[in-house]
Amino acid sequence: DRVSTQSTGAWSTQTLFNAYIMTIFNIILTAVPPVFYGAFEKDIHEEIAEENPEAYSVLKLFSYLNLGIWILASVYHSLVFYFGSWLLFYNNGSILYGDGQSADLFVLGNFILTVGIISVLLKIALETKSWNWLVHLAIWGSMIVYFLALIILDPLDVTQERIFVYTYKCGVYWLWIPLGVVMALLPDFTAKYIERELFPKPWHIYQEMYQENISPPRPQELVLYKE
């Protein structure tokens, strides 16, 4: 979002975000969910993997195509977070409150950061295939920690005093959260759906068979996906 911010802000170095919230974001919100994801994630259950090792014979952990897709997705998400929030302010006279006051730069930052953090956590949830209570705690707990941090730290930060109070009184803020998240993640969800329905990989088939308690096919009965 740095380039997007500067391109519409006369290339100013003024930050958009609360320093304490960004510290929590970098230390907790972007660390805990990936750690638990990496520790517990698996494509198929261990029993299925042992009985059908051929499912992993076509698995590629890295490719430049996948890297490029993730980079393009991150750029798209960033554009939605920033310009979606910015256009709300641009078209609504800085979003006036009931008491006649108008929003400022830090309120815009809260709009962007809230949608961004929720989208990041839901993106992890979208990619997660193996769920347990620790993964649930890491993802949904991080979301709760973010909002608690906003409430607790808001009156303590003298540089951005009461910003969250003014933000949560704004109806547009609560409308923008689900709208921004859907705009950001709809392409990801659509791509996932199309892949599983029209171009399933072997582990997709095994996942559904395990969920439905269906005995997996023998190796010769399953046509493996080839890159």
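Quick caveat, the model's predicted, so the values are computed rather than measured.

What counts, and at which threshold
Residues numbered from 1 in each chain as written. Predicted model: local features only at pLDDT ≥ 70, side-chain atom pairs only at ≥ 80, totals over all residues. Heavy atoms only, no water. Helix = DSSP H or I, 4+ residues; strand = E, 2+ residues; numbered from the N terminus. Buried < 20%, exposed > 50% of the residue type's maximum accessible area, 1.4 Å probe, protein only. Contact = heavy atoms within 4.5 Å. Areas by Shrake-Rupley, 256 points an atom, 1.4 Å probe, with all protein chains shown as cover. pLDDT = per-residue confidence, 0-100. Core = buried A, V, L, I, M, F, W, Y, C linked by side-chain atoms within 4.5 Å. Phe/Tyr/Trp six-rings, centres within 6.5 Å; stacked < 30°, edge-to-face > 60°. Salt bridge = Lys/Arg side-chain N within 4 Å of Asp/Glu carboxyl O. Patch = residues over 30% accessible without salt bridge, like charges linked within 9 Å, V, L, I, M, F, W, Y side chains within 5 Å. Axes fitted to C-alpha atoms, helices over the stretch in contact; angles between N-to-C directions. Parallel < 35°, antiparallel > 145°, perpendicular 65-115°, else oblique. Nonpolar A, V, L, I, M, F, W, Y, C, P; charged D, E, K, R; others polar.

## Quick word on the overall build of the protein
Right, so step 1: A count of helical and extended segments in the protein gives 10 helices and zero strands.
Right, so step 2: Relative to its full complement of 227 residues, the protein shows a buried share of 39%.
Right, so step 3: Across the protein, contacts joining residues at least 24 apart in sequence account for 72% of those joining residues at least 6 apart.
Right, so step 4: Roughly 13,500 Å² of accessible area belongs to the protein as shown, and the carbon and sulfur atoms make up 66% of that amount.

## Topic: the confidence of the model for the protein
Right, so step 1: For the protein, per-residue confidence averages 77 on the pLDDT scale, and 74% of positions sit at 70 or higher.
Right, so step 2: When mean pLDDT is compared element by element in the protein, helix 9 (residues 171-198) scores highest at 90, while helix 1 (residues 2-7) scores lowest at 51.
Right, so step 3: When the criterion is pLDDT under 50, residues 219-227 qualifies, and its contacts beyond four places in sequence or with other chains add up to 14 contacts.

## Points about the nonpolar core
Right, so step 1: Ranked by internal contacts, the top residues of the largest apolar core, which has 38 residues, are Ile21, Phe111, Ile112, Ile117, Tyr146 and Tyr173.
Right, so step 2: Listed by contribution, the elements that provide at least two residues to this core are helix 2 (19-29), helix 5 (64-91), helix 6 (105-127), helix 7 (133-153), helix 8 (163-168) and helix 9.
Right, so step 3: Here this core takes 12 residues from helix 6, the largest share from any one element.

## Some remarks on the side chain of Lys123
Right, so step 1: Positionally, Lys123 belongs in helix 6.
Right, so step 2: You can call Lys123 buried: its relative accessible area is 14%.
Right, so step 3: Once residues within four sequence positions are removed from consideration, Lys123 is found in contact with Trp70, Leu185 and Asp188.

## Comments concerning the packing of aromatic side chains
Right, so step 1: Counting across every chain of the model gives seven aromatic pairs.
Right, so step 2: Measuring from ring centre to ring centre gives 6.4 Å for Trp131 and Trp140, while their planes differ by 0°; the resulting arrangement is stacked.
Right, so step 3: Take Trp131: its relative accessible area is 34%, and that puts it in the partly exposed class.
Right, so step 4: An angle of 80° between the planes, with centres 4.9 Å apart, marks the rings of Tyr173 and Trp174 as edge-to-face.
Right, so step 5: Given the relative accessible area of 0%, Tyr173 is considered buried.
Right, so step 6: Judged by relative accessible area, Trp174 falls into the partly exposed class, the value being 41%.
Right, so step 7: An aromatic cluster of three or more residues is present, and its members are Tyr82, Phe83 and Trp86.

## Observations concerning the environment of Tyr206
Right, so step 1: Tracing the sequence through the fold places Tyr206 in helix 10 (residues 202-211).
Right, so step 2: The exposure class assigned to Tyr206 is buried, which follows from its relative accessible area of 1%.
Right, so step 3: Separated by 161 residues in sequence, Tyr206 and His45 place their C-alpha atoms 8.7 Å apart.

## Focus: the pattern of salt bridges
Right, so step 1: Applying the stated rule across the entire model yields four salt bridges.
Right, so step 2: The partner of Asp188 in a salt bridge is Lys123, with the nearest N and O atoms 2.6 Å apart. Here Asp188, found in helix 9, pairs with Lys123, found in helix 6; they are 65 residues apart in sequence, far enough to count as distant. A single burial state applies to Asp188 and to Lys123, both of which are buried.

## Re a nonpolar patch on the surface
Right, so step 1: A surface patch of nonpolar side chains, about 740 Å² in accessible area, is lined by Val182, Leu186, Phe189, Tyr193, Ile194, Leu198 and Phe199.
Right, so step 2: Looking at the secondary structure, you find Tyr193 in helix 9.

## As for the packing of helix 3 (residues 32-40) against helix 6
Right, so step 1: Axis separation between helix 3 and helix 6 bottoms out at 11 Å; the angle between their running directions is 5°. Taken together, the axes of helix 3 and helix 6 are roughly parallel relative to one another. Across the interface between the two elements, Pro33, Pro34 and Tyr37 of helix 3 pack against Leu121, Ile124 and Glu127 of helix 6.
Right, so step 2: Class assignment for the residues of the contact of helix 3 with helix 6 results in five nonpolar, no polar and one charged.

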